[in-house]
Amino acid sequence: MKPSCMAASLPSLQGIEMVMLAKNSRIEWIDVAKGGCIILVVLWHTVIFSFAPSETNTPGYQAWFKLGMALQPLRMPLFFMVSGFLAYSSVYSRTWRDTFQPRIATLLWLYVLWMTFNWGVHVILATYFNSAAVPKVNELPMSMSTFLFDLVTANTTIWYLYALAIFFTVCKLFKNHSVKVVIILSILSICSRLISDDWNIISLLSNAVFFAIGCFGRNLLVRHFAVFNPIRFAATIIVSTATLYVSWKYELLSAPGIRFALAITLIIATMDTLAWVTHRLNLSAVAWIGQRSLPIYVIHMSIVVIFAQFTIPAVLEGASLQAFTIVGPILLTIANIVFCLFLYSILKRLRGVGLFSLPLRPNRTAA
């Protein structure tokens, strides 16, 4: 990894240390963070889409639902911050020509491809199987115009890829005005629910700042989170817990600035936790999942709705119902990730060109 501009201005020994930290940071916590985020994404979608209405009043389901809601300010913001962190070299060290194909074009291609695939799975299940088990079945686009509208407005579970392409473009265009960009995006994040009522627009507006923080603040993150800081960790945990409690009790989670403040404090606490845990525990399995987060992300929602065809019609009572709502989310999440990675390995062996990368012209491939 090339030394950053900030590192180049420091004494030579300190610059070497920065480069070593940058190299080790991916091994130590970046992939672990990505793995944790994608697991939380699959878990959340499993909780809200794979259980029958009759099961949602059980203590087990309510516990999982409240945990998922509490982690909402962390799940996608941390995912975007890590993505911005990894985009740093492309934003600062590579030309537009070198980054358009591997970054922007690839993300947009995968977004369109897998949105179409997931839409097809939903339509098939709604048409030929149990439509009541298909999430938001009445909102499925059934015409080209509505499909294109959802595509452009990111009204899909694959919206993360679309957002990455937009956020990367913005950061690269305005990389010399990083402070101004972060301030503007912070304001948009804080006011996102005042600007729009649509979840997809809110998601785009509220998460852009975290990608920018990860990208523009990469050197700062590497330097300050290379080791665990107990004082900073304790402070952010206390602030996060108090804010969560007050906002939950008085229904302030949708108030301007609450989610933004929670996201910042939870991300800092999580990064400190990762700095502590990765030096003491072997988290190679989570890191391994993080390195394969893309196939899990694009495939998992189709698996969720397929699982729902079996779990939602199931009639459970008493102890069976209680047990299923407690352990069901864990088992279904594990099964989903395993199946996604199994399918990914098969597609790789079958040379599924274009399913996880941008198809290249024959002359480009040969070159």
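Residues numbered from 1 in each chain as written. Predicted model: local features only at pLDDT ≥ 70, side-chain atom pairs only at ≥ 80, totals over all residues. Heavy atoms only, no water.

A few words on the overall build of the protein chain. In terms of regular secondary structure, the protein chain is built from 18 helices and 0 strands. Expressed as a percentage of the 367 residues in the protein chain, the buried residues total 47%. Considering only contacts within the protein chain whose residues lie at least 6 apart along the sequence, 81% involve residues at least 24 apart. When the accessible surface of the protein chain is totalled, it reaches about 18800 Å², and 69% of it is carbon and sulfur. (Helix = DSSP H or I, 4+ residues; strand = E, 2+ residues; numbered from the N terminus. Buried < 20%, exposed > 50% of the residue type's maximum accessible area, 1.4 Å probe, protein only. Contact = heavy atoms within 4.5 Å. Areas by Shrake-Rupley, 256 points an atom, 1.4 Å probe, with all protein chains shown as cover.)

Turning to a nonpolar patch on the surface, a few remarks are in order. A contiguous nonpolar surface patch, about 410 Å² in accessible area, is contributed by Tyr245, Val246, Tyr250 and Leu252. Note on Val246: relative accessible area 37%, which makes it partly exposed. (Patch = residues over 30% accessible without salt bridge, like charges linked within 9 Å, V, L, I, M, F, W, Y side chains within 5 Å. Salt bridge = Lys/Arg side-chain N within 4 Å of Asp/Glu carboxyl O.)

According to the stated counting rule, one finds 1 salt bridge in the structure shown. The salt bridge partner of Arg232 is Asp272, with a shortest N-O separation of 2.8 Å. In this pair, Arg232 is assigned in helix α13 (residues 230-249) and Asp272 in helix α14 (residues 258-277), connecting sequence segments 40 residues apart.

Quick look at the nonpolar core now. Core analysis: the largest hydrophobic core is formed by 70 residues, its most contacted members being Phe80 and Leu161. In terms of residue count, the dominant contributor to this core is helix α8 (residues 159-173) (10 residues). Beyond its immediate chain neighbours, meaning those up to four positions away, Leu161 contacts Leu107, Leu110, Tyr111, Leu294, Tyr297 and Val298. The next biggest cluster of nonpolar side chains, apart from the first, holds 10 residues, and it includes Phe49, Val123, Met301 and Val305. (Core = buried A, V, L, I, M, F, W, Y, C linked by side-chain atoms within 4.5 Å.)

Spanning 15 residues, α8 covers 21 Å between terminal C-alpha atoms, matching the ideal 21 Å at 1.5 Å per step. In terms of burial, α8 is largely enclosed, as 11 of its 15 residues are buried. Buried within α8 we find Trp159, Tyr160, Leu161, Tyr162, Ala163, Leu164, Ala165, Phe167, Phe168, Cys171 and Lys172. Its buried side turned inward, α8 meets α4 (72-86), α5 (88-93), α6 (96-128), α7 (144-153), α11 (199-216) and α16 (293-311). (Expected span 1.5 Å × (residues − 1).)

Attention now goes to the packing of helix α9 (residues 178-190) against α11. Think of two packed helices as two axes; the pair is described by the angle between the axes and how far apart they sit. Between α9 and α11, whose axes approach to 7 Å, the crossing angle comes to 155°. Taken as axis vectors, α9 and α11 run roughly antiparallel relative to one another. Crossing of α9 against α11: the hand is left-handed. When α9 is examined against α11, the residues Ser178, Val181, Val182, Leu185, Ser186, Leu188 and Ser189 are found in contact with a partner set consisting of Leu205, Ser206, Ala208, Val209, Phe210, Ala212, Ile213 and Phe216. Across the contact of α9 with α11, the residue classes break down as 11 nonpolar, 4 polar and no charged. (Axes fitted to C-alpha atoms, helices over the stretch in contact; angles between N-to-C directions. Parallel < 35°, antiparallel > 145°, perpendicular 65-115°, else oblique. Left-handed = near helix turned anticlockwise from the far one by under 90°. Nonpolar A, V, L, I, M, F, W, Y, C, P; charged D, E, K, R; others polar.)

Here the focus is the packing of α6 against α16. Between α6 and α16, the shortest axis-to-axis distance is 10 Å and the interhelical angle comes to 5°. Classified by the interaxial angle, the pair formed by α6 and α16 is roughly parallel. Two secondary-structure elements touch here, α6 through Leu110, Trp114, Phe117, Asn118, Val121, His122 and Leu125 and α16 through Leu294, Val298, Ile299, Met301, Ser302, Val305, Ile306 and Gln309. Of the residues contributing to the contact of α6 with α16, the split by class is 11 nonpolar, 4 polar and no charged.

Let us now look at the packing of aromatic side chains. One pair of aromatic rings is described through two measures. These are the centre distance and the angle between the planes. Within this structure, the stated rule accounts for 21 aromatic pairs. A ring pair is formed by Trp119 and Phe147, whose centres lie 5.4 Å apart and whose planes are at 65°; its orientation type is edge-to-face. A residue pair is termed long-range when its members are at least 10 positions apart, and Trp119 in helix α6 and Phe147 in helix α7 qualify at 28 residues. We classify Phe147 as buried; its relative accessible area is 10%. Arranged with centres 6.1 Å apart and planes meeting at 55°, the rings of Phe167 and Phe211 form a pair that is tilted. One end of the pair, Phe167, is in helix α8; the other, Phe211, is in helix α11, and 44 residues separate them in sequence. Here the two residues Phe167 and Phe211 agree in accessibility, since each one is buried. Clustering of aromatic rings is evident, with ring pairs tying together Phe79, Phe80, Trp159, Tyr160, Phe167, Phe211 and Tyr297. One Lys or Arg, Arg232, reaches over the ring of Phe225 and ends 4.2 Å from the middle of that ring. (Phe/Tyr/Trp six-rings, centres within 6.5 Å; stacked < 30°, edge-to-face > 60°. Lys NZ or Arg CZ within 6 Å of the ring centre and 35° of its normal.)

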